[in-house]
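Examination of the molecular architecture
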Amino acid sequence: NAGVTQTPKFQVLKTGQSMTLQCAQDMNHEYMSWYRQDPGMGLRLIHYSVGAGITDQGEVPNGYNVSRSTTEDFPLRLLSAAPSQTSVYFCASSGTGAGNTIYFGEGSWLTVV
Amino acid sequence: AQSVTQLDSHVSVSEGTPVLLRCNYSSSYSPSLFWYVQHPNKGLQLLLKYTSAATLVKGINGFEAEFKKSETSFHLTKPSAHMSDAAEYFCVVSDLDYKLSFGAGTTVTVRA
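Below, the structure is looked at part by part. Just so it is clear, the model here is predicted, and its values are computed rather than measured.

Digging into the layout of surface pockets
- Each pocket or cavity is described by its volume, and for the largest pocket that value is around 280 Å³.
- If you go around the largest pocket, you meet 15 residues; those closest to its centre are A:Glu59, B:Gln2, B:Lys99, B:Leu100 and B:Ser101.
- Elements that contribute at least two residues to the lining of the largest pocket include exactly strand S5 (43–51) of chain A together with strand S11 (100–102) of chain B.
- The class makeup of the residues in the lining of the largest pocket is seven nonpolar, three polar and five charged.

So this is what it looks like as structure tokens:
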């Protein structure tokens, strides 16, 4: 049981480049989300999805794009990378019942130079 | 709207002594509450969760937390700290819309 799988684990980008962080889960979870983690700020929600074909913005969506074509996959796209997007990114998934355990990927460390 | 405040950014304890990590929350509904632990350069691991059942919740590795609605608190405790408990801990609240709100985190240092 792989759980939530994120790739790549580490990435260095130049300002203005685009890239996609991949996230896949094998638990048939309806709810998936992306967070970024910055020192002293906890994790902040970027985008989330409650099912295939449905996405919505979180707390810090600017500069990011998502889609949900299948239940399993929820990629996060950086359209034109900026140094302010240097962060650790976490993908998460859960069922949609109250109190469902949220499962996190191992994280993707992104540096924009 | 929901929010979480972790009252201590850093806690330092001696090995074998109790650990207390404080968390206050606000929520418009009956929330689900979680504690997660993150070791350096690792992902987040669930320690325990509260989902409107028993107010005293036991988790992994000897941790437990008590939900106090009147105080809007969900403090995490462990009777005896171990060196392996050195990590960052996050208090998390989830409302009806499944979105999570994270506290800023508490870094725990364990002294030998």
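Notes on the pairing of strand S1 (residues 3–6) of chain B
All names here are of chain B.
- Burial along S1 is one-sided: the residues Val4 and Gln6 are buried and none of Ser3 and Thr5 is.
- In this structure, S1 lies alongside strand S4 (residues 23–26), joined through four bridges in antiparallel fashion. Among the inter-strand pairings, Gln6 is bridged to a residue of S4, identified as Cys23.

Focus on the pattern of salt bridges
- By the definition in use, this model includes five salt bridges over all chains.
- Here A:Asp38 and A:Arg44 are joined by a salt bridge, their closest N and O atoms 2.8 Å apart.
- With a shortest N-O distance of 2.8 Å, B:Lys58 and B:Glu64 are connected by a salt bridge.
- Taking the relative accessible area as the measure of exposure, B:Lys58 reaches 63% and is therefore exposed.
- Overall, the relative accessible area of 24% leaves B:Glu64 in the partly exposed class.

Describing the interface of chain B and chain A
- Between chain B and chain A, the contact holds 20 residues from the first and 21 residues from the second.
- Both faces combined, the contact of chain B with chain A buries some 1700 Å², and carbon together with sulfur accounts for 61% of it.
- Taken together, the connections running from chain B to chain A amount to zero salt bridges.
- On the surface where chain B and chain A come into contact, there are three residue pairs in polar contact (both at pLDDT 80 or more).
- Residue assignment for the side of chain B that touches chain A shows that the elements contributing at least two residues are strand S5 (32–38), strand S6 (44–50), strand S10 (87–94) and S11 of chain B.
- Residue classes in the side of chain B that touches chain A are distributed as nine nonpolar, six polar and five charged.

Focus: the side chain of A:His29
Residues and elements named next belong to chain A.
- For His29, the position within the fold is in the loop between strand S3 (19–25) and strand S4 (31–37).
- A distance of 3.3 Å separates a polar atom in the side chain of His29 from the backbone nitrogen of Ser94.
- Apart from residues no more than four positions distant in its own chain, His29 is found in contact with Arg68, Thr71, Ser93, Ser94, Gly95 and Tyr103.

Side note on the packing of aromatic side chains
- Enumeration according to the criterion identifies 13 aromatic pairs over all chains in this entry.
- Here A:Phe10 and A:Trp109 contribute two aromatic rings whose centre-to-centre distance is 5.7 Å and whose plane-to-plane angle is 35°, an arrangement assigned as tilted. One end of the pair, A:Phe10, is in strand S2 (residues 10–13); the other, A:Trp109, is in strand S11 (residues 108–112), with 99 residues separating them in the sequence.
- On the basis of relative accessible area, A:Phe10 is assigned to the exposed category, the value being 58%.
- On the numbers, 6.0 Å between centres and 70° between planes, the contact of A:Phe104 with B:Phe102 is edge-to-face. Taken together, the positions of A:Phe104 in strand S10 (residues 103–104) and B:Phe102 in strand S11 put the pair across two chains. Considered together, A:Phe104 and B:Phe102 belong to a single accessibility category, that of buried residues.

Cut-off values and rules
- Residues numbered from 1 in each chain as written.
- Chains lettered and ligands numbered in written order.
- Predicted model: local features only at pLDDT ≥ 70, side-chain atom pairs only at ≥ 80, totals over all residues.
- Heavy atoms only, no water.
- 1 Å grid on protein atoms, 1.4 Å probe; cavity = no way out; pocket = protein on both sides within 12 Å on 5 of 7 lines; lining within 4 Å.
- Points joined across faces, edges and corners; volume = space filled by probe spheres on them.
- Helix = DSSP H or I, 4+ residues; strand = E, 2+ residues; numbered from the N terminus.
- Nonpolar A, V, L, I, M, F, W, Y, C, P; charged D, E, K, R; others polar.
- Buried < 20%, exposed > 50% of the residue type's maximum accessible area, 1.4 Å probe, protein only.
- Pairing = 2+ DSSP bridges.
- Salt bridge = Lys/Arg side-chain N within 4 Å of Asp/Glu carboxyl O.
- Contact = heavy atoms within 4.5 Å.
- Buried area = accessible area lost by both parts, 1.4 Å probe.
- Polar contact = N/O pair within 3.5 Å; in protein donor to acceptor, adjacent residues only side chain to side chain.
- Phe/Tyr/Trp six-rings, centres within 6.5 Å; stacked < 30°, edge-to-face > 60°.

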